[in-house]
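Inside the fold
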Amino acid sequence: MKSMMKFCACIIACTSAFAASARDSGCLIQGTLTSNKISQTSNYCAANKGMSDQDFKAGCQDLFESQGGNSDGKKSDNSISMKFVSDCPANSKGVCAGAFDHKWNLQYMADDYALKHGQAKQVCEVSGGKWKQ
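This text gives an overview of the structure that appears in the document. A quick note: this is a predicted structure, and the numbers were derived from the prediction, not measured.

Tallying secondary structure elements over the protein gives four helices and six strands in all. Starting at the N terminus and walking to the C terminus, you meet the elements of the protein as α-β-β-α-β-β-β-α-α-β. Burial statistics for the protein: of 133 residues in total, 33% are counted as buried. A total accessible area of about 8,400 Å² is found for the protein, and carbon and sulfur atoms account for 53% of it.

Shown next, in the form of structure tokens:
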């Protein structure tokens with residue numbers, strides 16, 4: 001009986017550890033924003049680097065809404081969407097660490113408009129982040 005209880009306790013502990021490691025540690029923001037007949041592609045991911053789940057999700061929501069996204073996380077008229085992912089894509093071309101006083105990295109992919117036009121670095125530095133390319 002004791003060995004069965006130990007076995008069950010081990011299964012519960014292992015399951016809890018797996019659930020904790022399977023949490024979302026990135027939020028991917030992608031799509032196109034059109035304003036004054038100019039289309040701008042957003043393609044970046046925020047990687048959690050020590051924020052609580054609640055703060056991370058709130059920060060991601062703020063980023064998404066600042067890009068013109070709906071507060072419900074679905075595509076807007078501007079075709080911007082956000083989804084939580086276990087990891088950000090590994091193909092980033094520029095990274096902003098610690099922007100907006102958050103423990104996260106904003107990782108920009110090659111086709112991101114702000115990256116292509118130097119705005120990502122500028123916004124990063126103005127927001128208190130450290131730029132790496």
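Read on for the rest.
Right, let's talk about unusual backbone geometry for a bit. A positive phi angle, close to 65 degrees, is found at Lys 37, a residue other than glycine. Judged by its relative accessible area of 83%, Lys 37 falls in the exposed class. Even without a glycine there, the phi angle at Asp 101 is positive, about 60 degrees. Its place among the elements puts Asp 101 in the loop between β4 (94-97) and β5 (104-108).

Positionally, Ser 127 belongs in the loop between α4 (119-126) and β6 (130-132). Reaching out from Ser 127, the side chain makes a polar contact with the backbone oxygen of Cys 124 at a distance of 2.9 Å. Look past the residues within four positions of Ser 127 in its chain and what remains in contact with it is Ala 99, Phe 100 and Asp 101.

Procedures and definitions
Residues numbered from 1 in each chain as written. Predicted model: local features only at pLDDT ≥ 70, side-chain atom pairs only at ≥ 80, totals over all residues. Heavy atoms only, no water. Helix = DSSP H or I, 4+ residues; strand = E, 2+ residues; numbered from the N terminus. Buried < 20%, exposed > 50% of the residue type's maximum accessible area, 1.4 Å probe, protein only. Areas by Shrake-Rupley, 256 points an atom, 1.4 Å probe, with all protein chains shown as cover. Polar contact = N/O pair within 3.5 Å; in protein donor to acceptor, adjacent residues only side chain to side chain. Contact = heavy atoms within 4.5 Å.

Interpretation note: all reported values are geometric properties and have no functional meaning in isolation.
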